[in-house]
Amino acid sequence: MAKGTIAYSTLRATRCNIGTVEQLDVIDFSNVENPWIVRSYPAVNPLGLGIRGNFLFLCEDGGVTMYDISEPTDLREMGSLDFDGALALDVIPADQYLIVTTNRGIFNVLYTDTGE
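Description of the structure in this document.

Rules behind the numbers
Residues numbered from 1 in each chain as written. Predicted model: local features only at pLDDT ≥ 70, side-chain atom pairs only at ≥ 80, totals over all residues. Heavy atoms only, no water. Helix = DSSP H or I, 4+ residues; strand = E, 2+ residues; numbered from the N terminus. Rg over C-alpha atoms; globule rule 2.2 N^0.38 Å. Buried < 20%, exposed > 50% of the residue type's maximum accessible area, 1.4 Å probe, protein only. Contact = heavy atoms within 4.5 Å. Lys, Arg positive; Asp, Glu negative; His and termini not counted. Charge placed at Lys NZ, Arg CZ, Asp CG, Glu CD. Salt bridge = Lys/Arg side-chain N within 4 Å of Asp/Glu carboxyl O. Pairing = 2+ DSSP bridges. Patch = residues over 30% accessible without salt bridge, like charges linked within 9 Å, V, L, I, M, F, W, Y side chains within 5 Å. Areas by Shrake-Rupley, 256 points an atom, 1.4 Å probe, with all protein chains shown as cover.

### Re the overall build of the chain
When its secondary structure is counted, the chain shows zero helices and eleven strands. For the chain, the N- to C-terminal ordering of α and β elements is β-β-β-β-β-β-β-β-β-β-β. Over its C-alpha trace the chain gives a radius of gyration of 14 Å, about what one expects of a compact globule, namely 13 Å for 116 residues. Considering only C-alpha atoms, the chain reaches an extent of 40 × 35 × 20 Å along its principal axes. Burial analysis of the chain (116 residues in total) assigns 41% to the buried set. Contacts in the chain between residues far apart in sequence, at least 24 positions, make up 34% of those at least 6 positions apart. Looking at the chain, you have 7 positive and 16 negative side-chain charges, and the mean spots of the two groups are 4 Å apart.

### Section: the side chain of Asp25
Position of Asp25 relative to the elements: it lies in strand β3 (residues 23-28). Of the side chains with opposite charge, Arg39 lies nearest to the buried Asp25, which makes no salt bridge, at 9.9 Å. Ignoring anything within four residues of it in the chain, the contact list for Asp25 reads Ala7, Tyr8, Ser9, Ile37, Arg39 and Ser40.

### Quick look at the pairing of β3
Of all six residues that make up β3, five are buried, and the element is covered over most of its length. Summarising the sheet, strand β2 (residues 6-11) and β3 pair through six bridges and their orientation is antiparallel. Note that in β3 the partner of Thr10 across the bridge is Leu24. As paired strands, β3 and strand β4 (residues 36-42) are joined by six bridges and run antiparallel to one another. The residue of β4 that forms the bridge with Val26 is Arg39.

### Focus: a nonpolar patch on the surface
On the surface, a cluster of nonpolar side chains totalling about 290 Å² of accessible area is made up of Ile92, Ile99 and Ile106. Assignment of secondary structure puts Ile106 in strand β11 (residues 105-110).

Right under this line is the structure:
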């Protein structure tokens, strides 16, 4: 997922026999021939992610975590949401709603700029 010349990507090791690192990477690709990882953030079982405006939503640890990306390389966690045991797989941010697919169905969730 990208915004401007910054991309966000997850590295997941869950159920993998190679490596043990799980993280969210912030990648600068202003020079497409030489992209580089600006910063990495720890993540727990990361899956899908989406961007809407200045917010990044990451499916991790079963739920969804919301980050402020006003400063694209300095993420600030705003809040998180759990789905009562359902595993969040992917997220589509739309206006003030998140469409979240889980292993138990699809949820439509209202969110605010404060992470609530």
